[in-house]
Each structure stands twice: as structure tokens, then as C-alpha cells.
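Fold and geometry: a report
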Amino acid sequence: MLSNRLAIVLLTALAPAIWGSTYLVTTELLPPGRPLLAGVIRALPAGLLLIAVTRRLPKGSWWWRSLVLGALNIGAFFALLFIAAYRLPGGVAATLGSVQPLIAAGLSAGLLGERLSLRTVLSGIAGVAGVSLMVLRAGAQLDALGVAAALGGAVVMATGVVLSKRWTSPAPLLATTGWQLTAGGLLLLPVALLVEGAPPTHLTGGNLLGYGYLSVIGAAVAYALWFRGIRALPPTSVTFLGLLSPVVATALGWLALGQDLSPVQALGAVIVLGSLVAAQTQRRTGPAAPQGPVSPAAQPAPATAAATRQPVHGRTR
């Protein structure tokens, strides 16, 4: 039983690890200044592909539930991430987004009856502290709308994860994943067109490679792993794994882009990893059985989309 749970945790952890590579792909392969377009291309083609493969459409209440979950996990999340990215330094946005496990823990206590333990709270605080050490810079400027957007992104993603546990889908995992990716992509499409205008008429081979990676690996594969984890694990445990994104983003910036890695950043990474271990190894006293599948990022969060503005400082989903 223990080895099976460890395998599920490790597979789920691959999703935020993949999302942590989004910054590298975005800066090296994608056209600049089009984060919302990247979000649409990530979500919509992947969702339609999964629907085509599974040949399953929602039935009954799952039409509106898929729309709600797709909005929370993808559409609204990406839009709020975009606002935070353009109004806050990347480190501030990432630090504010790292409160997501604490929000999910509170929602799980209220909606799922899980006990909110002191260990969970302390682990969540340690996770926020670790992320801030990795990405927060002195003199960072705050903006009220940007702060609200970053916190709103954490709230909608945590809510999506918890609601995915509360609602049980009758369909296979890949089908439910496809419904949410499609719904999120369709909701994000008009926002992208309004804010960023029409897509570029010319794309290079590198652009196509980057978009393909984000859609196939960053969405279809990563969200399927993420949603499978939500099906099998407590939602608070899953959201703690999301803190891996800034760790991976920072590591890739150091290894692939030659960015500096200070002792303070290394200490922050160690603290984050410690909070993850603490959150995954505590005993759960809530409901014995998971209540349902699937919830996904950015670009989860993400590293935040703010990574398009600054060196690897966030959770890009």
C-alpha cells in the first residue's frame, strides 16, 4: 500500500515538474509577448485530441461541471496568471501563488471534512517561505490589482482541485481531462483575441516545436497525471506537489540558461522539498476514499507567466 501511494505521488509530481519547464520553452522557442495565446494552444488542441481519442462527451450535469472545472483549473487560472505576470515582478507573483496548498487545506476542511492539522499549516508556511527565498528579490514593487490577481489564481486553482475531489465523473480519466482542457481553452480564446489580437501569421519551426511541447507534454500528459493524482490522493497533498514548479524552473534556469544560483536560493529549494515531504508523509484522518477524478496548471500555476518577464522566478503552468 505504501509503495503504491509513493508511486502515485511520484507520477503526480511529474506534472508540476513538467510545468516548471514552461519558462524555458517559452523564452527559448515561443514568440514573445503572447502568454494567453500559448495558454489557448496548450489547452484547446490537447483537449480536443483527448475527446477524439476517447470518443466521450459529457452527459447531464457534467456539461456544466466540466465548464466550471475547466474555468477554474485552466481558463480563469491562466487569465489571472496573465494579469499578475504583467503587474508584478515574477518573484512576488510566485510567492503569492505558493499559498495555494494552504487555501486547498482550508477548502478541504470545509467541503470534504478533512482535518486541518498543525503539520499541514506549518508545511504550507514553510513552502511559502522556501519559494520566497528562491524567487523573491529585494525592492520588489507591489500593485494592488496584481496582488489580487495572483491570490485569485491561487484561490481558483485550489477550488478546482477540491471540487474535482467532491464531484465524481462517470467517464474515464482521459475523457474528463479532455472536457476540462477544451472548456478552459474555449473560455480563454476570446480573452486572448481581445487582449493580444490575432495569432501571428508566421511561425518558425522552433515556435511550432514549442507549442507542440506545451500542448502534448505540458497539457495532455501533465494534466492527465495531475488529475489522476487528484483522483487518488487528498487534494492538499496534490497542491503541495505544485510547489515543485518553481524548484524545477530555478534549476533549469541554472543548468540550461546559465543563471546564477545563490546559496539562499538553494536553501529555499531545500525548504520547499522538506515541506513537500512533510505534507506527503503525514497521516490523514479525513474521508477514507477519494470522491472523484480529475480536476489542471498553466502554466498551473505555472512558474507564473511572469516568467516571461523575468529570469525563472515562478510557477509557469
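Just above sits the structure.
Everything in this summary refers to the structure shown in the same document. Just so it is clear, the model here is predicted, and its values are computed rather than measured. Think of each chain on its own: its residues are numbered from 1, step by step along the sequence as written. A pLDDT threshold of at least 70 governs which residues receive local features in this predicted model, and a stricter bar of 80 or more applies before side-chain atom pairs are shown or counted, although totals over entire chains, interfaces and linings include all residues. By convention in this description, side-chain values take in all heavy atoms of the structure and omit both hydrogens and water.

1. So, the overall build of the protein
- By the criteria applied, helices consist of DSSP H or I runs no shorter than four residues and strands consist of E runs no shorter than two, each listed in order from the N terminus. Looking only at helices and strands, the protein features 13 helices and zero strands.
- In sequence order, the secondary structure elements of the protein are arranged as α-α-α-α-α-α-α-α-α-α-α-α-α.
- Within the protein, buried positions represent 56% of all 317 residues. Relative accessibility thresholds used throughout: buried, under 20% of the residue-type maximum; exposed, over 50%; partly exposed, between the two (1.4 Å probe, protein chains only).

2. With respect to helix α6 (residues 100-111)
- Over its 12 residues, α6 runs 16 Å from end to end, which matches the ideal 16 Å to within 8%, given 1.5 Å per residue.
- Among all positions in α6, only Q100, P101, A104, A105 and S108 are buried. One face of α6 carries all of its buried residues, which in axial projection span an arc of 140°.
- G113 lies just past α6 and shows a positive phi near 75°. In this scheme, a helix's expected span is set at 1.5 Å multiplied by one less than its residue total. Throughout, the arc means the angular range of directions from the helix axis out to the C-beta atoms.

3. With respect to the packing of helix α7 (residues 118-135) against helix α12 (residues 244-256)
- Axis lines are fitted to C-alpha atoms, over the contacting stretch for helices. Their N-to-C directions set the angle, which ranges from 0 to 180 degrees. Packing of α7 against α12 leaves a shortest axis separation of 10 Å and a crossing angle of 20°. If you check the angle between α7 and α12, you find them roughly parallel. The interaxial crossing formed by α7 with α12 has left-handed handedness. For the pair formed by α7 and α12, the contact residues are V131, M134 and V135 on the first element and P246, V247 and T250 on the second.
- Of the residues assigned to the contact of α7 with α12, the class counts are five nonpolar, one polar and no charged. An angle counts as roughly parallel when it lies under 35 degrees, as roughly antiparallel when it exceeds 145, as roughly perpendicular when it falls between 65 and 115, and as oblique in every other case. Should the near helix be turned anticlockwise from the far one by less than a right angle, the crossing is termed left-handed; should it be turned clockwise, right-handed. Pairs of residues are marked as contacts when any of their non-hydrogen atoms sit within 4.5 Å. Residue classes follow a fixed rule: Ala, Val, Leu, Ile, Met, Phe, Trp, Tyr, Cys and Pro count as nonpolar, while Asp, Glu, Lys and Arg count as charged, and any other residue, Gly among them, counts as polar.

4. Section: the environment of A192
- Along the chain, the position of A192 falls in helix α9 (residues 173-196).
- Distance from A192 to G39, taken between C-alpha atoms, is 8.6 Å for residues 153 residues apart in sequence.
- Residues within four places of A192 in sequence aside, it is in contact with L36, L37, V40 and G197.

5. A few points about the nonpolar core
- Among the buried residues, those of types Ala, Val, Leu, Ile, Met, Phe, Trp, Tyr and Cys that are joined through side-chain atoms within 4.5 Å form a nonpolar core. Within the largest apolar cluster, 57 residues are counted, with the highest numbers of intra-cluster contacts made by V131, M134, L181, Y223, W226 and V272.
- In terms of residue count, the dominant contributor to this core is helix α4 (residues 62-87) (nine residues).
- Not counting residues within four places of it along the chain, the set of residues in contact with L181 comprises A43, L44, A46, G47, L50, I74, A219, A220 and Y223.
- Membership of the second largest hydrophobic core comes to seven residues, among which are L88, A93, A149 and A150.

6. Comments concerning the packing of aromatic side chains
- Stacked, tilted and edge-to-face are the three classes assigned to paired rings of Phe, Tyr and Trp, where Trp is represented by its six-membered ring and a pair needs centres within 6.5 Å; plane angles under 30 degrees give stacked, over 60 edge-to-face, the rest tilted. The full count for this structure, using the stated rule, is six aromatic pairs.
- Each ring, one from W19 and one from Y223, has its centre 5.0 Å from the other, and the planes form 50°; the classification is tilted. Remark: Y223 occurs in helix α10 (residues 205-232) and W19 occurs in helix α1 (residues 2-20); sequence separation between them is 204 residues.
- On the basis of relative accessibility, which here comes to 1%, the residue W19 falls in the buried class.
- Y223 gets classed as buried once you look at its relative accessible area, which sits at 1%.

7. Some words on helix α8 (residues 144-166)
- Compared with an ideal rise of 1.5 Å per residue, which puts 23 residues at 33 Å, α8 spans 32 Å between its outermost C-alpha atoms and is within 8% of the ideal.
- Any pair of N or O atoms that falls within 3.5 Å is considered a polar contact. Within protein, one atom must be able to donate a hydrogen and the other to accept it, and sequence-neighbouring residues count only if both atoms are side-chain atoms. By the N-cap criterion, in which a side-chain oxygen at the helix start approaches the backbone nitrogen of a residue two or three places on, α8 is capped by D143, the distance to L145 being 3.2 Å.

8. Some remarks on the side chain of S98
- Secondary-structure assignment places S98 in the loop between α5 (90-97) and α6.
- You can call S98 buried: its relative accessible area is 1%.
- One polar contact links the side chain of S98 to the main-chain carbonyl oxygen of T95, over a distance of 2.5 Å.
- Discounting residues that sit within four places of it in the chain, S98 has contacts with V128, V131 and L243.

9. Some details on unusual backbone geometry
- The backbone of R55 sits at a positive phi, close to 55°, despite the residue not being glycine.
- As for its placement among the helices and strands, R55 is situated in the loop between α3 (35-54) and α4.
- Residue R55 is classed as exposed on the basis of its relative accessible area, which comes to 74%.

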